[in-house]
Amino acid sequence: MSIDVDKAIADIKAKVDCLPGAENKLTMVVLSGDLDKHLAAMIIATGAAAMGMKVVLFFTFWGTAALRAPNKKVNGKTFMGKMFGMMLPKGRNKLTLSQMNMGGMGTAMLKGLMKKKNVASLDQLYDVAGQLAVKIYVCEMSMDLMGMKKEEMIDYPDLEVCGVATMLAHAKESAIQFFI
Amino acid sequence: MADYAVAKTLDYKGLACPMPVVKISQQIGTVAVGEVIEVHTTDPGSLADFPAWAKTMGHAILETKQEPGLIKIFVKRQK
C-alpha cells in the first residue's frame, strides 16, 4: 500500500495554514490605566515587534485615557463626558502606579529611577512602537461611554477606532494573546 | 578563537530593555548577509535577549564576551 506523499503533505499544509494562532502576531488588550501596566504593555509590544512579530494593541476602558493628547482641546462634550475628562488622566504621562503610588510619590520615584537608569519612558516606547508599525486600536464603546473623541487622541502613525470583533479577529489568528 | 572579521561595531551602552533588541533588529539590515556586528552593551538582560532574538529572527550569536562593566556580543547576519 502506498500513499501519495505529495498530496498528503499538501493536505497537511493546508490544514496547518488554517489553524487559529498560526500567524506570527501578538494581540494585546490594554484595559488597565496604570503606569506600570502600560510600561509592561509597551515594552512587550516593542520587544515583539523587534522580534519580527506583527503587533496589535487594543486599548479599552481605563487604557483609553492613556491615548489622550495632553495638548488637544475638544469641545462639545456632554456633562458626563466633561466629568470623565476631568477625572481621568489626561494622557500617558499622567498615569500612576497600580501599587505604592503613595499619593504620587511612588510614581515620581519610579520615573526618577527610570530616567537615572536610562530605561525607556512611555514617550520613547510609543515613538519606537510607531516606527515598528505597532497598530493601535481604540475601543469605540469605551470612548463613547467616557465621552472621549477621536480628535483628542494622540497623533500616532497607525491608530484606529474599532469594536470587539476587530480585536477578536486579530486575536484569533495571533500566536500570542495578552490581556493587561 | 576569533576567525571572523567584524564589519561594524555598535554602541548600545547605557540602553536598557527593550532598546538593545529593538535597535539590533533595526540595524541588522545595515550589514550584508554573512557579516558580523559587534554590539557593546551594559544591559545584563541582553545576555539572554540577544540569543532569543537571533533564534527567532534566523541570525547567529557567534560569541559573547563579558568584561567588567561591558558586554560584547557578536551577531552574524544570516539572512
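All of these numbers come straight from a predicted model, not from anything done at the bench.

Chemist: So what about the overall build of chain A? Which residues, and what values?
Modeler: Secondary structure assignment for chain A yields seven helices and five strands. In sequence order, chain A lays out its α and β elements as α-β-α-β-α-α-α-β-α-β-α-β. Here the C-alpha radius of gyration of chain A, 20 Å, is well above what a compact globule of 180 residues would show, namely 16 Å. Across its three principal axes, chain A shows a C-alpha extent of roughly 75 × 40 × 25 Å. For chain A, the residues scored as buried account for 33% of the 180 residues in total.

Chemist: Quick rundown of the nonpolar core? Include the residues and the values.
Modeler: Residue and element names in this part refer to chain A. The biggest cluster of nonpolar side chains holds 58 residues, and the ones touching the most others in it are Ala 45, Leu 57, Phe 58 and Phe 59. No other element matches the nine residues that helix α2 (residues 35–50) contributes to this core. Non-local contacts of Leu 57, meaning those with residues more than four positions away in its chain, are made with Met 28, Val 30, Ala 45, Val 134, Lys 135, Ile 136 and Tyr 137.

Chemist: So what's going on with the sheet that holds strand β2 (residues 36–41) of chain B? Which residues, and what values?
Modeler: Residue and element names in this part refer to chain B. Taken in spatial order, the four strands of this open sheet run β1-β2-β4-β3, and their pairing is mixed. What marks the edges here is a single partner per strand, and that holds for β1 (6–12) and β3 (60–67). Within this sheet the neighbouring strands show an average axis-to-axis angle of 20 degrees, counted without direction. Of the pairings in the sheet, the one linking β2 to strand β4 (residues 70–76) comprises six bridges and is antiparallel in character. Residue pairing for β4: His 40 is matched across the bridge by Lys 72. Strands β1, β2 and β4 of the sheet are contacted by helix α1 (residues 19–27), whose axis makes an angle of about 145 degrees with β1.

Chemist: Can you lay out helix α7 (residues 164–172) of chain A for me, pointing to particular residues and giving the numbers?
Modeler: Residue and element names in this part refer to chain A. Within α7 the residues assigned to the buried category are Met 167, His 170 and Ala 171. End-on, the buried residues of α7 take up no more than an arc of 100 degrees, which puts them together on one face. Among the structural elements, β1 (23–30), β2 (54–59), β3 (135–139), β4 (159–162) and β5 (174–179) are those in contact with the buried residues of α7.

Chemist: Talk me through the interface of chain B and chain A; I want residue IDs and the actual numbers.
Modeler: Counting from both sides, the interface comprises 12 residues of chain B and, opposite them, 11 residues of chain A. Mapped by element, the contributors of at least two residues to the side of chain B that touches chain A are α1 and α2 (46–57) of chain B. Here the element with the most residues in the side of chain B that touches chain A is α1 of chain B; it accounts for four residues. For the side of chain B that touches chain A, a count of residues per class yields nine nonpolar, three polar and no charged.

Chemist: If you had to explain the confidence of the model for chain B to someone new, which residues and values would you point to?
Modeler: Residue-level pLDDT values for chain B average 91, and 97% of them are 70 or greater. Quick note on the complex model: pTM equals 0.84, ipTM equals 0.74.

Chemist: Now, about the environment of Asn 71 of chain A: what can you tell me, with residues and values included?
Modeler: Residues and elements named next belong to chain A. Tracing the chain through its elements places Asn 71 in the loop between β2 and α3 (79–87). Residue classification places Asn 71 among the exposed positions, given that 9 C-beta atoms sit within 10 Å. A C-alpha to C-alpha distance of 21 Å links Asn 71 and Asp 144, two positions 73 residues apart in sequence.

Analysis parameters
Residues numbered from 1 in each chain as written. Chains lettered and ligands numbered in written order. Predicted model: local features only at pLDDT ≥ 70, side-chain atom pairs only at ≥ 80, totals over all residues. Helix = DSSP H or I, 4+ residues; strand = E, 2+ residues; numbered from the N terminus. Rg over C-alpha atoms; globule rule 2.2 N^0.38 Å. Buried ≥ 20, exposed ≤ 12 C-beta atoms within 10 Å, placed from the backbone. Core = buried A, V, L, I, M, F, W, Y, C linked by C-beta atoms within 7 Å. Contact = placed C-beta atoms within 7 Å. Pairing = 2+ DSSP bridges. Axes fitted to C-alpha atoms, helices over the stretch in contact; angles between N-to-C directions. Arc of directions from axis to C-beta. Nonpolar A, V, L, I, M, F, W, Y, C, P; charged D, E, K, R; others polar. pLDDT = per-residue confidence, 0-100.

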